[in-house]
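# An overview of the molecular structure
Okay, here's what each chain looks like letter by letter:
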Amino acid sequence: MKIGIIGLGFVGLSFASVLGAKNHHVIGCDSDKTKVNKIRNGIPPFFEPKLEKTLKLALKRGLSLTDDISKIISECKLIFVTVGTPQKKDGSIDLSMVKAAVEEIGRCLRTTRNKPAIVIKSTVIPGTTLDTLLPILNKKSGKKVGMDFGLITNPEFLRESMAIDDTTNPHVVVLGGAKDKFMDLIRKFYQNLHSDVPIVVTNNQTSELIKYTNNSFLATKISFINQISNICQSIPGANVEDVARTIGLDPRIGPLFLNAGPGYGGSCLPKDVKAIINFSNKIGINPVLLDAVETVNDYQLENLLLTIKKATGTLQSKKITVLGLAFKPDTDDIRDSVAVKLVKMLLKKGAKVTVHDPKAIENAKVVFKDEVTYADSLDDALLHSYCGVIMTPWREYRSIGERHLKLMKKRIIVDSRRMLSEHRLKMRYYPIGIG
Ligand code: UGA
């Protein structure tokens, strides 16, 4: 059975590579020809651990590439839509890419005898599949859902930096749609792919909501521990690490996503919390808790800036070093990264900012151009610096020691991730979450 994947970002390319490497016959499609060419040559357009190796194996085995959707619609039985759904200025979801993909699918369906299941993996607000995408498919194809094509919502839960492992071993598969022959087909496909993974079958709108519930619950956990972290910081000697580790032992709470820090970032959590808030307001539900989750998240960065100012006095013309720009370690992704926001704030205050990141510097150059200095090494980054601010918990920042502090103009470290809290270094140390 041929499988088509439309949209080769993190989700689509990881999925296509994992399936191809497992000898599935997969056709990956993206409208960006340059990207398609890179991928065809085994070069992922972004950094993701294990992706390049998996992609290269997939290209040798079952994966081929195209920029022509019609090939997929006429040949594939399962067609996954994995295009991006970014956010608009008002926080609502931007459906333009998914609508454009579905329009094209509809047009191609009109002229084929193939009867595929169309599977929406892109994150979409509840109601989108049936109220927005289905009418487009009906109109453009002139065909009937449930007879000529299936329409299933299948949200994705993979994490960047773990995309290959999460695609290979997901914690759950969620399928939303009518219980028809197309649902049987995709359920069997997933049963064969992952023998021990629970498969939840529900309707389209519930599966769409599950995705937002998942991400907004994760964001809530982070904001909760960040709130506690701020309380800790005001109690001399209190330590959020011990609090988080201990409550995490309660099986009703669990240990994950309790790392206090500068607030959550990335291309998903901030966008999805905003989108569900926007959606709730539209349907007359006041999202008080989720509003608070956002407020706490925004406050984290303000609190960090206040801490930097407390440590350095005026920022005007001082060299401040921001360590880590990626929104988390093991990725070069700086979309909605809190560190990028911090750099912008520091520049506004007149600081001379030097940035360091093991993977994200090329992406940072596109944003900051010559507004900041780019350091290749920790030594360069901290040389003559007034203050080092640890933002992304890259492993190498644990190696900061006397050698680096000696290079600095002032031995001041603001540590949003408490990476140096166990080190006994001679410095003025401001860890977030430790009073
Ligand atoms: C998130 C979800 O975790 C995935 O399940 C989901 O599939 C994905 O969004 C998506 O919707 O596509 P991701 O954006 O890759 O994944 O990143 P996370 O690992 O969730 O981290 C998000 C942010 O939260 C990062 O800025 C991270 O530093 C922060 N974080 C995470 C904390 O500050 N503390 C924690 O304990 C955990």
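Predicted model only: the values in this text are computed from it and were never measured. (Residues numbered from 1 in each chain as written. Predicted model: local features only at pLDDT ≥ 70, side-chain atom pairs only at ≥ 80, totals over all residues. Heavy atoms only, no water.)

### As for the packing of aromatic side chains
- One pass over the full model with this rule turns up 5 aromatic pairs.
- A centroid spacing of 4.1 Å and a plane angle of 35 degrees characterise the contact between Phe10 and Phe46, whose relative ring orientation is tilted. Of this pair, Phe10 sits in helix H1 (residues 10–21) while Phe46 sits in the loop between helix H2 (33–40) and helix H3 (51–60), and the two are 36 residues apart along the sequence.
- In this structure Phe46 comes out as buried when scored by relative accessible area, which is 15%.
- Feature note: the residues Phe15, Phe80, Phe189 and Tyr190 constitute an aromatic cluster, connected by ring pairs.
- Its guanidinium or amino end placed over the ring of Phe15, Lys121 lies 5.0 Å from that ring's centre, counting from NZ or CZ.
- Looking at Lys365, its charged tip hangs above the ring of Tyr374, at a distance of 5.5 Å from the centre. (Phe/Tyr/Trp six-rings, centres within 6.5 Å; stacked < 30°, edge-to-face > 60°. Helix = DSSP H or I, 4+ residues; strand = E, 2+ residues; numbered from the N terminus. Buried < 20%, exposed > 50% of the residue type's maximum accessible area, 1.4 Å probe, protein only. Lys NZ or Arg CZ within 6 Å of the ring centre and 35° of its normal.)

### Points about the domain arrangement of the chain
- When its domains are assigned, the chain resolves into domain 1 (2–200) and domain 2 (218–431).
- A C-alpha centroid distance of 34 Å is found between domain 1 and domain 2.
- Between domain 1 and domain 2, the residue contacts involve 16 residues of the former and 19 residues of the latter.
- Contact between domain 1 and domain 2 buries roughly 1,400 Å² in total, counting both sides, with carbon and sulfur atoms accounting for 56%.
- Three residues, Phe47, Gln87 and Glu160, lead the burial of domain 1 against domain 2; their summed loss comes to 40% of the area buried on that side.
- Inspection of the domain 1/domain 2 interface yields 1 salt bridge.
- The partner of Arg335 in a salt bridge is Glu160, with the nearest N and O atoms 3.3 Å apart.
- Seen at the junction of domain 1 and domain 2, the total is 6 residue pairs in polar contact (both at pLDDT 80 or more).
- Partitioning the side of domain 1 that touches domain 2 into residue classes produces 7 nonpolar, 6 polar and 3 charged. (Domains from an automatic or database assignment. Contact = heavy atoms within 4.5 Å. Buried area = accessible area lost by both parts, 1.4 Å probe. Salt bridge = Lys/Arg side-chain N within 4 Å of Asp/Glu carboxyl O. Polar contact = N/O pair within 3.5 Å; in protein donor to acceptor, adjacent residues only side chain to side chain. Nonpolar A, V, L, I, M, F, W, Y, C, P; charged D, E, K, R; others polar.)

### Section: the site of the ligand
- In the region of the ligand, 20 residues are neighbours, and Phe157, Leu158, Glu160, Lys211 and Asn215 sit closest.
- Within the side chain of Lys211, a nitrogen or oxygen atom sits 2.6 Å from an oxygen atom of the ligand.
- One of the side-chain N or O atoms of Asn215 is found 2.8 Å from an oxygen atom in the ligand.
- Burial of the ligand by the surrounding chains reaches 91%, relative to a free accessible area of 720 Å².
- Take the shell around the ligand: its biggest share by element is 4 residues, from helix H9 (residues 204–233).
- Its residues assigned to classes, the shell around the ligand comprises 10 nonpolar, 3 polar and 7 charged. (Near = heavy atom within 4 Å. Areas by Shrake-Rupley, 256 points an atom, 1.4 Å probe, with all protein chains shown as cover.)

### So, unusual backbone geometry
- Its identity is not glycine, yet Asp336 carries a phi of approximately 50 degrees, on the positive side.
- With respect to the helices, strands and loops of the structure, Asp336 is situated in the loop between strand E9 (319–323) and helix H13 (338–348).
- What makes Asp336 partly exposed here is its relative accessible area of 32%.
- Although it is not a glycine, Lys369 sits at a positive phi angle of roughly 45 degrees.
- Within the secondary structure layout, Lys369 lies in the loop between helix H14 (361–368) and strand E11 (373–374).
- Given the relative accessible area of 56%, Lys369 is considered exposed.

### Quick notes on the nonpolar core
- In this structure, Val322, Leu325, Leu342 and Leu346 are the most contacted members of the largest nonpolar core, which totals 48 residues.
- For this core, the secondary structure elements donating two or more residues are helix H12 (288–312), E9, H13, strand E10 (352–356), H14, helix H15 (378–382), strand E12 (387–390) and strand E13 (412–415).
- With 6 residues, H13 is the single largest residue contributor to this core.
- Setting aside chain neighbours within four positions, we find Val322 in contact with Ala339, Leu342, Val343, Leu346, Val353, Thr354, Val355, His356, Val389 and Met391.
- Within the second largest apolar cluster, 40 residues are counted, among which are Ala219, Tyr264, Val273 and Ile277. (Core = buried A, V, L, I, M, F, W, Y, C linked by side-chain atoms within 4.5 Å.)

### Description of the sheet that holds strand E14 (residues 428–431)
- With parallel pairing, the 6 strands of this open sheet are ordered in space as E11-E10-E9-E12-E13-E14. A strand with exactly one partner marks an edge of an open sheet, and here the two such strands are E11 and E14.
- When E9 meets E10, the two strands line up parallel, connected through 5 bridges. What sits directly across from Thr321, in E10, is Thr354. (Pairing = 2+ DSSP bridges.)

### Remarks on the pattern of salt bridges
- Throughout the structure, instances matching the rule amount to 22 salt bridges.
- Two residues, Lys271 and Asp272, come together in a salt bridge whose shortest N-O distance is 3.3 Å. Each member of the pair Lys271 and Asp272 is classed as buried.
- One salt-bridge network, in which partners are shared between bridges, spans Lys2, Lys71 and Glu75.

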